[in-house]
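Structure assessment
Take a look at the letters that make up each chain.
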Amino acid sequence: MSWTRDQMAARAARELKDGFYVNLGIGIPTLVANHVPADLHVILHSENGMLGIGPFPFEGEEDADLINAGKQTITELPGSSFFSSHDSFAMIRGGHIDLTILGAMEVSEGGDIANWTVPGKMVKGMGGAMDLVAGAKRVLVVMEHTSKTGQPKIRRECTLPLTGVACVDMVITNLCVFSVSRGSEGMTLIELAPGVSVSKVEAQTEARFSLAPSLRQTAISGT
């Protein structure tokens, strides 16, 4: 077994803290808005100029004028505010975003991230990811563990153009969760999805990583 995209988003939501200002990237990260615990006061931020993003709307209740940075329809909450993208990026560059949750095409064992382009393919723009990985206090990546062709996305070194260097703090995939010590200390496997073994993660991961104490016995037993 492995986590679904929605379960990955729910796992990411466990990293939210009361009072956090949080930016959600395009793709799986947008699903985190549906899993914010009711007892937490978390303010979701969007690069196109909004604070206070709510869950996705129910079918038939969409407002075409109310969208996130990925052009998906969203909802607003009591106290939501709207402003220019200039102000939005001033919040990011000023260090006011506590956590950003991003998708990625590759992450390296040292915490580098590549998520904005594939050489030779059309790209509409680099978006706000470069600002976010430089300005947010904590960077969390949520992505599938391997590419559509089965290639590892967690690598010793990224092969795609970098978005940021030594900036990722945690990686959540459909198989597991890694904590990342930015730079030379590398990755630690801290959690497995139900039914996933350490050996399966090892087989699908190019990067080197250590095991959290809670998983060492699991690796010895082969479960």
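Look above for the structure.
Residue numbers restart at each chain and count upward from 1, following the sequence in its written direction. Per-residue local features of the predicted model are confined to residues with pLDDT of at least 70, and side-chain atom pairs are confined, for both listing and counting, to 80 or more; whole-chain, interface and lining totals are unaffected and use all residues. For the side-chain quantities, the full set of heavy atoms in the structure was used; hydrogens and water were omitted.

This part is about helix α2 (residues 85–93). Turning to α2, its buried residues are Ser-88, Phe-89 and Ile-92. Taken around the axis of α2, the buried residues stretch over an arc of 90°, which confines them to a single face. Residues are treated as being in contact if the distance between any of their heavy atoms lies within 4.5 Å. Only DSSP runs of H or I reaching four residues or more are called helices, and only runs of E reaching two or more are called strands; each is numbered from the N terminus. Contacts from the buried residues of α2 go to β2 (43–46) and α3 (129–135). Within two residues after α2, Gly-95 carries a phi angle of roughly 80°, on the positive side. When accessible area is computed with a 1.4 Å probe and restricted to protein chains, residues below 20% of their type maximum are described as buried, those above 50% as exposed, and intermediate ones as partly exposed. Directions drawn from the helix axis to the C-beta atoms are what define this arc.

To continue, consider the state of the cysteines. Note on disulfides: each one is a pair of cysteine sulfur atoms within 2.5 Å. Taken as a whole and assessed by the stated rule, the structure comprises zero disulfides. Cysteine Cys-167 remains unbridged, with the sulfur of Cys-158 as its closest cysteine sulfur at 9.1 Å. Residue classification places Cys-167 among the buried positions, given a relative accessible area of 3%. Free of any disulfide, Cys-176 has its nearest neighbouring cysteine sulfur in Cys-158, separated by 16 Å.

A few words on the side chain of Asn-23. Inspection of the secondary structure assignment puts Asn-23 in strand β1 (residues 21–24). On the basis of relative accessibility, which here comes to 0%, the residue Asn-23 falls in the buried class. By the criterion applied in these results, polar contacts are pairs of N or O atoms within 3.5 Å in which, for protein atoms, one can donate a hydrogen and the other can accept it, and in which residues neighboring in sequence qualify only through two side-chain atoms. Reaching out from Asn-23, the side chain makes a polar contact with the side chain of Glu-47 at a distance of 3.2 Å. Beyond its immediate sequence surroundings of up to four residues, Asn-23 is in contact with His-45, Ser-46, Glu-47, Ile-97, Leu-99, Thr-100, Ile-101 and Leu-132.

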